[in-house]
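Notes for the structure review
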Number of protein chains: 2
Amino acid sequence: MTDTPPRRRPPTIDEVVRVDGPVRDESAAEQRRSPRIEEVARLAGVSPITVSRALRRPNLVAEEKRRRILAVVEATGYASNPHARALRSGQSTIVAAFVSNIMSPQFALAVQSAAAILEPNGFQLMVGQTSYSYAKETSMIQSLRALRPAAVLFTGVIELESNRRALRELDIPVMETWAYPRDPIDMLVGFSNTDGGRMAADHLHGRGYRRIAYIGRRSGRGALRLDGFRQRVAELGLDLAAELTVESVSGIADGRGALAQLLDQAGSRIDAVFCANDLLAVGALLEARHRRLQVPGELAVIGFGDGDMASEIAPGLTTISADVGRIGRLAGEMLLARLSGPPADRTTELIELDLIQRGST
Amino acid sequence: MTDTPPRRRPPTIDEVVRVDGPVRDESAAEQRRSPRIEEVARLAGVSPITVSRALRRPNLVAEEKRRRILAVVEATGYASNPHARALRSGQSTIVAAFVSNIMSPQFALAVQSAAAILEPNGFQLMVGQTSYSYAKETSMIQSLRALRPAAVLFTGVIELESNRRALRELDIPVMETWAYPRDPIDMLVGFSNTDGGRMAADHLHGRGYRRIAYIGRRSGRGALRLDGFRQRVAELGLDLAAELTVESVSGIADGRGALAQLLDQAGSRIDAVFCANDLLAVGALLEARHRRLQVPGELAVIGFGDGDMASEIAPGLTTISADVGRIGRLAGEMLLARLSGPPADRTTELIELDLIQRGST
DNA sequence: TTGTAGGCGTTATCAC
DNA sequence: GTGATAACGCCTACAA
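Residues numbered from 1 in each chain as written. Chains lettered and ligands numbered in written order. Predicted model: local features only at pLDDT ≥ 70, side-chain atom pairs only at ≥ 80, totals over all residues. Heavy atoms only, no water.

Named according to an unreviewed UniProt entry, chain A is Transcriptional regulator originating from Aliidongia dinghuensis.

1. Remarks on the relation of the copies chain A and chain B
Screw-axis analysis of chain A against chain B gives a translation of 0.2 Å along the axis, an RMSD of 0.4 Å, and a rotation angle of 180°. Both copies of the chain, as the preceding transformation shows, are related through a two-fold rotation axis. When the interface residues of chain A are mapped onto chain B, 100% of them again lie at the interface, so the same face is used by both copies. (Least-squares fit on C-alpha atoms with pLDDT ≥ 70 in both. Contact = heavy atoms within 4.5 Å.)

2. Considering the side chain of Arg225 of chain B
Mapping Arg225 of chain B onto the fold places it in helix α9 (residues 220-235). An unpaired buried charge is present at Arg225 of chain B: no salt bridge exists, and Asp14 of chain A, the closest side chain of opposite charge, is 7.5 Å distant. Excluding anything up to four places from it in sequence, Arg225 of chain B contacts Trp178, Phe191, Asn193, Gly197, Phe274, Ala276, Asn277 and Phe304 of chain B. (Helix = DSSP H or I, 4+ residues; strand = E, 2+ residues; numbered from the N terminus. Buried < 20%, exposed > 50% of the residue type's maximum accessible area, 1.4 Å probe, protein only. Lys, Arg positive; Asp, Glu negative; His and termini not counted. Salt bridge = Lys/Arg side-chain N within 4 Å of Asp/Glu carboxyl O.)

3. Let's talk about the packing of aromatic side chains
Residue and element names in this part refer to chain A. According to the stated counting rule, one finds 14 aromatic pairs over all chains in the structure shown. Each ring, one from Phe191 and one from Phe304, has its centre 6.1 Å from the other, and the planes form 35°; the classification is tilted. Of this pair, Phe191 sits in the loop between β5 (187-190) and α8 (193-206) while Phe304 sits in strand β9 (residues 300-304), and the two are 113 residues apart along the sequence. Side by side, Phe191 and Phe304 carry an identical accessibility label, which is buried. These aromatic residues form a ring-pair network of at least three members: Phe107, Trp178, Phe191 and Phe304. Of note, Arg225 hangs over the ring of Phe304, and the distance from its end group to the ring centre comes to 3.8 Å. (Phe/Tyr/Trp six-rings, centres within 6.5 Å; stacked < 30°, edge-to-face > 60°. Lys NZ or Arg CZ within 6 Å of the ring centre and 35° of its normal.)

4. Section: the pairing of strand β10 (residues 318-322) of chain B
Residue and element names in this part refer to chain B. Among the five residues that make up β10, five are buried, leaving the element largely enclosed by the rest of the structure. When strand β9 (residues 300-304) meets β10, the two strands line up parallel, connected through three bridges. By the bridge assignment for β10, Phe304 is matched with Ile320. As defined by bridge partners, β10 adjoins strand β12 (residues 353-356) across four bridges and the pair is classed as antiparallel. From the neighbouring strand, Ser321 faces β12, where its bridge partner is Asp354. (Pairing = 2+ DSSP bridges.)

5. Observations concerning the sheet that holds β9 of chain A
Residues and elements named next belong to chain A. Strands sit in the order β7-β6-β8-β9-β10-β12 across an open sheet of six strands; the sheet is mixed. Each edge of the open sheet carries a strand with a single partner, namely β7 (240-245) and β12 (353-356). Averaged over all pairs of adjacent strands, the angle between their axes in this sheet comes to 15°, without regard to strand direction. Relative to the sheet, helix α9 (residues 220-235) contacts β6 (212-216), β7, β8 (272-275) and β9, its axis offset from that of β7 by approximately 175°. (Axes fitted to C-alpha atoms, helices over the stretch in contact; angles between N-to-C directions.)

6. Remarks on the UniProt feature "domain: HTH lacI-type" (unreviewed entry) in chain A
Those residues carrying the UniProt feature "domain: HTH lacI-type" (unreviewed entry) are residues 35-89 of chain A in this numbering. Along residues 35-89 of chain A, the helical share is 71% and the strand share 0%, with 20 Å between the first and last C-alpha atoms. (UniProt positions renumbered as here; feature names shortened; annotations may be inferred.)

7. A look at α8 of chain A
Helical periodicity: at 3.6 residues per turn, an α-helix aligns residues three or four positions apart in one direction. Residues and elements named next belong to chain A. With 14 residues, α8 extends 20 Å between its outermost C-alpha atoms, agreeing within 8% with the 20 Å of an ideal straight helix rising 1.5 Å per residue. A large share of α8 lies buried, amounting to 10 of its 14 residues. Residues of α8 that are buried include every one of Asn193, Thr194, Asp195, Gly196, Gly197, Arg198, Ala200, Ala201, His203 and Leu204, and no others. At its buried positions, α8 is contacted by β6, α9, β8, β9, β10 (318-322) and β12. Positive backbone phi, approximately 100°, marks Gly208, located one or two places after α8. (Expected span 1.5 Å × (residues − 1).)

8. Digging into the interface of chain A and chain B
Contact residues are listed per partner, giving 83 residues for chain A and 83 residues for chain B. Summed over both partners, the interface of chain A with chain B buries about 7,500 Å², with 53% contributed by carbon and sulfur atoms. Our count for the chain A to chain B interface comes out at four salt bridges. Counted by class, the side of chain A that touches chain B contains 39 nonpolar, 19 polar and 25 charged residues. (Buried area = accessible area lost by both parts, 1.4 Å probe. Nonpolar A, V, L, I, M, F, W, Y, C, P; charged D, E, K, R; others polar.)

Here's what the structure looks like:
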């Protein structure tokens, strides 16, 4: 016997509404390919190099000619071929951005904010994901040698010594973010994760909690936050009641699982927990609700990052917040200044952290 | 009188732990810049063009020579200069990807899945954000004329007729996704938003709800979902109790606000609401909880997209789900096939939608 | 202030 | 199967 596969009804076509854009006749199909600098030059009655200068260093070109040239550029929609430009000048218009996890709204916001600064100035952002993997990070940095972007931006700092060296040797601006190390590769817009941990400890102590636990990674930024947290907890004369490590990229589900495990193991010894990021913290809140624990009565939760959810769930999540949009903007601005000018004056910027008190503590 | 600014204590330095990578001596600093094809040719005892062929079309080169060349390439870490290549051959290794909103985990996952296919094959993804703005979309598509990427990928379909034309004229593979229009520009991996709306209506009706409302955009994909929803609601002999439109990029807060407004206006006339995306639906759930409404007893909520949160909140969110990772993978594979081979056989792929029943209905 | 000459690194084309 | 030659489009260096 043969099974007849179940008949599915055909999909409904999405009747997408087409919209007419601004009419751009341009009359002929000759306009098809992007015009070359030579054509612009001919139409403006100058030499190609003058067009190039009018676009790159306008003040070297006579006012009158410049206007004529720009008019032609506008009319023809000329855009210089970035490959030819990069090849001849060694100056690419590509800025490579690497995030550890594309799907994190925090990183995405920072990258987006940097893009908002760089793109109007003729740079294009190329985004790659390192997935918290040294191997992936290394291979992406390798590929930069060939790509020769104008600059590189990381939402994080580079830990591998070999990669730091490779980046220095690229001899282009390198921007690190999201931490405040002693010796950045080049430029830095970051905050002190260690201080964030300290703030969390201070806050919990100040609110009267004494049996405190930690959930987070034990490497990278998680480790830094834990360090500061531990230090301050010790200074305050408390013991860390428990520590629970999660692996690499962590989400809400990990936070739930981690708190569950923590409570099963250390249950009543705990009255507050510091989660190294907000997703973990949200997960912890959900698990607490699941167990019908009073928050913050029976268990207080504090996060790190001020994600989208923090203000929306109930109770609101107390968290340590960095202005991530500002990190992206500043990084973009500093890169832009360096790319278009003389050696920049500032290469390091510290972003202050804020503690945002909500209902969960 | 002058204010003395409050003294802040200096930031704690993040004591990042540096890690030594694999030792790669390469003995000298001469290896610094990426070697050129000519050097590889010299070391292998062949001409530059033969090296080029050995890399691009290996079967045109004699076995023996090819091996020698590849060994040298390996040893020197040679990688061809993508700008020179793009300039001469018109073949870029860049694939341009445009998302309407970088911060959406759904889009990010799709892009990431496509990247996972394309990157190991030597292509690099360049991500841009159109912000649901025709103007931005148009200007990005303009800039493609100069960049000449190998292909373009959209997490969405292009509505503006002028942009569709511009993309066709680029004469490179164009991949649209996330909808199932009658006439894609070129390639398509999509699902029927209209069918999704129908499924939502069917489900709510089947569960016994009769006073049904809609929250979402009234343009783009939201409109398609609403269309199908409305059609099916009518076929089932029901009336749509209320429709509430939100603007452009919408988040959890918009969902809360929308449901609040809906309940204030139409309150008891409503027993179920279909939200055009999961963020809105999560917002609606939170607002319902805030008002101490029984879900699903007093109000049922169904979403679209199966985001991260859907399964984590309580009650779980019933939602229409498309396998977004699969969309990205398929899009990547189809593009790759087209880029490295003869005219592809399949240029359109339909992704089935699933209804995931959880506690909210 | 403007223009001329030449080359960035690669590959298409054609000849052998 | 391999190589010589030229060209992709632009911009640096230098000259006028």
